[in-house]
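# Per-entry structural report
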Amino acid sequence: MFTLVAATLFSGAFLLAIGTMAWMFAAYHDKMVAALLFQPIPQTPQVYHIRVSRPRVTHGLRKVSHALPTRAAAA
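Remember, predicted model here, so these are calculated numbers, not experimental data.

Conventions we followed
- Residues take numbers from 1 onward in each chain, read along the sequence in its written order.
- Note on the predicted model: pLDDT of at least 70 is required for a residue's local features to be given, and 80 or more for side-chain atom pairs to be given and counted; whole-chain, interface and lining totals, by contrast, use all residues.
- Excluding hydrogens and water, the side-chain figures rest on all heavy atoms present in the structure.
- Each helix corresponds to a stretch of at least 4 residues labelled H or I by DSSP, and each strand to a stretch of at least 2 residues labelled E; elements are numbered beginning at the N terminus.
- Only protein chains enter the accessibility calculation, which uses a 1.4 Å probe; a residue whose area is less than 20% of its type maximum is buried, one above 50% is exposed, and one in between is partly exposed.
- Residue exposure ignores everything except the shown protein chains as possible cover, and the areas themselves are Shrake-Rupley values with a 1.4 Å probe.
- Between 30 and 60 degrees the pair is tilted, below 30 it is stacked and above 60 it is edge-to-face, where a pair is any two Phe, Tyr or Trp rings, Trp via its six-membered ring, whose centres lie within 6.5 Å.
- Distance thresholds for patches are 9 Å for like charges and 5 Å for nonpolar side chains (Val, Leu, Ile, Met, Phe, Trp, Tyr), applied to residues having over 30% relative accessible area and no salt bridge.
- By definition, a salt bridge exists where a carboxyl oxygen of Asp or Glu is found within 4 Å of a side-chain nitrogen of Lys or Arg.
- Residue-level confidence of the predictor is summarised by pLDDT, bounded by 0 at the bottom and 100 at the top.

## Some words on the overall build of the protein
What the protein contains, in helices and strands, is three helices and zero strands. Along the chain direction, N to C, the helices and strands of the protein fall in the order α-α-α. Counting every position in the protein, which comprises 75 residues, the buried fraction comes to 0%. Carbon and sulfur atoms make up 68% of the accessible area of the protein, which amounts to about 8,400 Å² in all.

## A word on the packing of aromatic side chains
Taken as a whole and judged by the stated rule, the model has one aromatic pair. Geometrically, the ring pair formed by F10 and F14 is stacked, given 6.4 Å between the ring centres and 20 degrees between the ring planes. Of the two residues, F10 and F14 are both situated in helix α1 (residues 2–27); the distance of four residues between them amounts to about one turn of the helix. Given the relative accessible area of 58%, F10 is considered exposed.

## Some details on a nonpolar patch on the surface
The grouping of F10, F14, L15, I18 and M21 at the surface amounts to a nonpolar patch, some 570 Å² of accessible area in total. If you trace the backbone, L15 turns up in helix α1. Taking the relative accessible area as the measure of exposure, L15 reaches 61% and is therefore exposed.

## Examining the confidence of the model for the protein
The share of residues in the protein with pLDDT of 70 or more is 76%, and the mean pLDDT across the chain is 83. Summarising per-element confidence for the protein, the mean pLDDT is lowest in helix α3 (residues 71–74) (60) and highest in α1 (96).

Next up, the structure:
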């Protein structure tokens, strides 16, 4: 008797699983085909050209406006 109940329960669960898979395949067939046939659009990666400009002070523009006092001049 246990064998008959176990076999019936197993068969019912197996048929329920097969039915669920068949129903899901039927419900989402169009979406699965569209996903398999989709070819992504190739995109070229954007390249950013950043120009860094650091103006340097030349020695001609770096003139000392006044001389620093020395010890001899301060005393």
